[in-house]
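What follows is each chain in one-letter form.
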Amino acid sequence: MTLTLPAFPPFSLSAVVTSHGWARLSPFAMSEDGRQLSRVERLHSGQVVELVIQEADHGVKVEVSDQLSDREMAEVADKVTWMLGLDQDLSAFYAAARQESKLAQVEARAQGRIIRSPMLFEDVVKTILTTNTSWTGTIRMVEALVSQFGDPLSFDRSRRAFPTPSQLAALDVQRLRLAGRLGYRAPYVLELALAVVSGDLDLETLKTSDEPTDQLRSRLLQINGVGVYSAANLLAMLGRYEYIPVDSWARKLVSHEWHSGEPVRSVEVESAFERWGKWKGLAYWFWDWSYLAQD
DNA sequence: GGTAGACCTGGACGC
DNA sequence: GCGTCCAGGTCTACC
């Protein structure tokens, strides 16, 4: 089955897919040029399908591996719209970016959308698995969770969906620690899954919350394993850009851009982008660091 | 409020 | 091949 979804212009699928490394984390997969994104997705009904997404006129075309009901197709449409931020209007950001040479390319390249998972739960787990480890470590941990605990595609059991909160909550810490090699992060992931399953934590409502960003940030910081970096990362995925996800890489970039390579603290990274106000995180994210990133 | 140390793993390095 | 060191955010205890 095929679905066509419109996007608020300007839009570029490859710009979203390459916005950060998420598209390389299972159960996402991307073509080398970023022009095709695929994903194994478990629907509410329990059916597991493959979604293959390509750019189309004014939006995207989604090929679904199975025959679905109207209700299931509507679910797929909602999920893809959220994943790719198809309905996001970034014209105010582009207006501000036109005044800055280091952001001059963003509008023409339709940059600004940040790829995200259909469920915030998955993004919180993945963000926890990016902390205090290398990127290859993150890939390995996510792959372990998906391959061992997610539901398989009916026609290719080697490919699986991201495990649901219930599936992870059913595990014990030791299993999670050893099977996924999550190390000390295992109790954080288990506690998160248990909180979601019990209803103590309703993550998905945060996606449409109109609470002030600081309040949203406080909620995220209450999750064990989510600190200031992770909270800023997750806020950006929620379309709130008032904080910068300051990690060692961000400090390195800002250090070389404005401090002659001298070590900088988080406060210097934040203050470097203070003038961007509500677009602070996006300005950092899409700043032209290309000449530094080659170091 | 700021800081030091522990947490866990994999990679780099020296032997 | 083995042992040691280091990098990567968050949490906790302490000042």
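Residues numbered from 1 in each chain as written. Chains lettered and ligands numbered in written order. Predicted model: local features only at pLDDT ≥ 70, side-chain atom pairs only at ≥ 80, totals over all residues. Heavy atoms only, no water.

### A look at the overall build of chain A
- What chain A contains, in helices and strands, is 14 helices and five strands.
- What you see for chain A is a C-alpha radius of gyration of 19 Å, in line with the 19 Å of a compact globule of 295 residues.
- Along the longest, intermediate and shortest principal axes, the C-alpha atoms of chain A span 55 × 45 × 40 Å.
- A burial count over chain A gives 53% of its 295 residues as buried.
- Nonlocal contacts in chain A, meaning residues at least 24 apart in sequence, comprise 62% of its contacts between residues at least 6 apart.
- For chain A, the exposed area adds up to about 13,600 Å²; of that, 48% sits on carbon and sulfur atoms. (Helix = DSSP H or I, 4+ residues; strand = E, 2+ residues; numbered from the N terminus. Rg over C-alpha atoms; globule rule 2.2 N^0.38 Å. Buried < 20%, exposed > 50% of the residue type's maximum accessible area, 1.4 Å probe, protein only. Contact = heavy atoms within 4.5 Å. Areas by Shrake-Rupley, 256 points an atom, 1.4 Å probe, with all protein chains shown as cover.)

### What about the protein's contact with DNA strand B?
- Close contacts around DNA strand B come from Asn132, Arg140, Arg177, Arg181, Gly183 and Tyr184, and that covers them all.
- A distance of 3.4 Å is found between a sugar or linking oxygen of DNA strand B and a side-chain nitrogen or oxygen belonging to arginine 140.
- A breakdown of the residues in the surface near DNA strand B according to their chemical character gives one nonpolar, two polar and three charged. (Near = heavy atom within 4 Å. Polar contact = N/O pair within 3.5 Å; in protein donor to acceptor, adjacent residues only side chain to side chain. Nonpolar A, V, L, I, M, F, W, Y, C, P; charged D, E, K, R; others polar.)

### Structural notes on the side chain of threonine 130
- Along the chain, the position of threonine 130 falls in the loop between helix 4 (120-128) and helix 5 (135-149).
- Judged by relative accessible area, threonine 130 falls into the buried class, the value being 15%.
- Within the structure, the side chain of threonine 130 is placed 2.6 Å from the backbone oxygen of threonine 127, a separation counted as a polar contact.

### Remarks on the domain arrangement of chain A
- For chain A, the assigned domains read domain 1 (2-103), domain 2 (120-225) and domain 3 (248-294).
- For domain 2 versus domain 3, the separation of C-alpha centres amounts to 28 Å. (Domains from an automatic or database assignment.)

### Here's the deal with helix 11 (residues 248-258)
- Along helix 11, the positions that sit buried rather than exposed are Ala250, Leu253, Val254, Ser255 and Glu257.
- Following helix 11 by one or two positions, serine 260 has its phi on the positive side, about 50 degrees.

### Some thoughts on the packing of helix 4 against helix 8 (residues 186-198)
- Taken N-terminus to C-terminus, the directions of helix 4 and helix 8 make an angle of 165 degrees; their axes are 10 Å apart at the nearest point. As the angle between them shows, helix 4 and helix 8 are arranged roughly antiparallel. Seen along the crossing, helix 4 lies across helix 8 with a hand that is right-handed. Contacts from Phe121, Val124, Val125 and Ile128 in helix 4 reach Tyr188, Val189, Leu192, Ala193 and Val196 in helix 8.
- Broken down by class, the residue content of the contact of helix 4 with helix 8 amounts to nine nonpolar, no polar and no charged. (Axes fitted to C-alpha atoms, helices over the stretch in contact; angles between N-to-C directions. Parallel < 35°, antiparallel > 145°, perpendicular 65-115°, else oblique. Left-handed = near helix turned anticlockwise from the far one by under 90°.)

### Focus on helix 9 (residues 213-221)
- For helix 9, the set of buried residues is Thr213, Leu216 and Leu220. Seen end-on, helix 9 carries its buried residues on one side only, within an arc spanning 60 degrees.
- Looking at the buried side of helix 9, the elements it contacts are helix 10 (228-237). (Arc of directions from axis to C-beta.)

### Description of the sheet that holds strand 1 (residues 2-6)
- Here five strands make up an open sheet; going across it, the order is 1-5-4-3-2 and the pairing antiparallel. Every interior strand has two partners, whereas the edge strands, strand 1 and strand 2 (28-30), have only one. When strand polarity is set aside, the average angle formed by the axes of neighbouring strands in this sheet is 25 degrees.
- Pairing analysis gives five bridges linking strand 1 to strand 5 (residues 59-64), with the strands arranged antiparallel. (Pairing = 2+ DSSP bridges.)

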